[in-house]
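Understanding the architecture of this molecule
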Amino acid sequence: MQAFLKKINFSLSSIFEHNTVLNKASSHLCISANAKRVRPLLTAYFANALNIPIESIFQLAITSELIHSASLLHDDVIDEGKIRRGIPTVNSQWSNSIAILSGNYLLVKAFEQLKQFPPTITQEAISVIKDMTEGAMLEISMRNYSNCNLINW
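Residues numbered from 1 in each chain as written. Predicted model: local features only at pLDDT ≥ 70, side-chain atom pairs only at ≥ 80, totals over all residues. Heavy atoms only, no water.

**Examining the overall build of the chain**
Counting its regular elements, the chain contains 8 helices and 2 strands. Expected size for 153 residues packed as a compact globule is a radius of gyration near 15 Å; at 16 Å, the chain falls within 12% of this value. Overall, the chain is about 50 × 35 × 25 Å in size when its C-alpha atoms are taken along their principal axes. Taking all 153 residues of the chain together, 37% fall into the buried category. A separation of at least 24 residues holds for 66% of the contacts in the chain among residues at least 6 apart in sequence. Total accessible area computed for the chain in this model is approximately 9,000 Å², and 59% of it derives from carbon and sulfur atoms. (Helix = DSSP H or I, 4+ residues; strand = E, 2+ residues; numbered from the N terminus. Rg over C-alpha atoms; globule rule 2.2 N^0.38 Å. Buried < 20%, exposed > 50% of the residue type's maximum accessible area, 1.4 Å probe, protein only. Contact = heavy atoms within 4.5 Å. Areas by Shrake-Rupley, 256 points an atom, 1.4 Å probe, with all protein chains shown as cover.)

**Considering helix α3 (residues 38-49)**
End to end, α3 covers 16 Å across 12 residues, agreeing with the expected 16 Å (1.5 Å per residue, within 8%). Tucked inside the fold, the buried residues of α3 contact α1 (2-15) and α4 (58-78). The positive-phi residue at the C-terminal boundary of α3 is Asn51, with phi of around 60°. (Expected span 1.5 Å × (residues − 1).)

**What to know about the nonpolar core**
Counting residues in each nonpolar core, the largest one holds 29 residues, and the members touching the most others are Phe4, Ile8, Leu12, Ile62, Leu66 and Leu106. Of all the secondary structure elements, the ones that give two or more residues to this core are α1, α2 (21-30), α3, α4, α6 (96-113) and α7 (119-143). Looking at this core, the element that brings in the most residues is α4, giving 9 residues. Contact partners of Ile8, with chain neighbours within four places excluded, come to Arg37, Pro40, Phe58, Ala61 and Ile62. (Core = buried A, V, L, I, M, F, W, Y, C linked by side-chain atoms within 4.5 Å.)

**Details of the side chain of Asn91**
Tracing the backbone through its elements, the reader meets Asn91 in helix α5 (residues 90-93). Residue class for Asn91 comes out buried when judged on its relative accessible area of 9%. Polar contacts involving the side chain of Asn91 include one to the side chain of Thr89, which spans 2.8 Å. Setting aside chain neighbours within four positions, we find Asn91 in contact with Asp76, Val77, Glu80, Gly81, Asn96 and Ala99. (Polar contact = N/O pair within 3.5 Å; in protein donor to acceptor, adjacent residues only side chain to side chain.)

**Thoughts on the packing of α3 against α4**
In contact at an axis separation of 8 Å, α3 and α4 are set at 150° when each is read in the N-to-C sense. Compared by their axis directions, α3 and α4 come out roughly antiparallel. In this structure, α3 crosses over α4, and the sense of that crossing is right-handed. Contacts between α3 and α4 involve Arg39, Pro40 and Thr43 from the former and Leu60, Ala61, Ser64, Glu65 and His68 from the latter. (Axes fitted to C-alpha atoms, helices over the stretch in contact; angles between N-to-C directions. Parallel < 35°, antiparallel > 145°, perpendicular 65-115°, else oblique. Left-handed = near helix turned anticlockwise from the far one by under 90°.)

**Quick look at the packing of aromatic side chains**
Counted according to the given criterion, the structure contains 1 aromatic pair. Seen from their ring centres, Phe4 and Phe58 are 5.9 Å apart, and the 90° between their planes marks the pair as edge-to-face. Remark: Phe58 occurs in helix α4 and Phe4 occurs in helix α1; sequence separation between them is 54 residues. When sorted by exposure, Phe4 lands in the same class as Phe58, which is buried. It is Lys7 that lies over the ring of Phe58; its NZ or CZ is 4.4 Å from the centre. (Phe/Tyr/Trp six-rings, centres within 6.5 Å; stacked < 30°, edge-to-face > 60°. Lys NZ or Arg CZ within 6 Å of the ring centre and 35° of its normal.)

**Looking at unusual backbone geometry**
Of note, Asn51 is a non-glycine position whose phi angle comes to about 60°, a positive value. Here Asn51 is to be found in the loop between α3 and α4. On the basis of relative accessible area, Asn51 is assigned to the exposed category, the value being 71%. If you check the backbone angles, Arg85 has positive phi at about 55° while not being a glycine. Mapped onto the fold, Arg85 is located in the loop between β1 (83-84) and β2 (87-88).

As structure tokens, then:
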């Protein structure tokens, strides 16, 4: 698995090779030394369990990490987080706007990884992001029940 993780890290780094604020902010968590790569590892272990060649799911592993990192960027804005994994969050280092745009950018990059797969895979990724978004909205509604009256969405 070490070779797999090394390839994941290299591929993620290459996504953000241009030195722009958007790439710096988007890659802030993605290529952090503290990143555990749990989602890509789970993807690889699942493929191994099903006897699927790991090379054929590599882009899915990258996608899972990009979606996860996007959710963290958005979550830090929602929770007004200042520190994640021992480093300042994008929203505290730059701004909420940059954090949101960076999270959106990661989602676009995630969908780019899915081009080679059947549309059903992309539809499943969309469904996962929809469920994550609805879950975050429910969390906000419950946290602010008196102010939001369980927002209808």
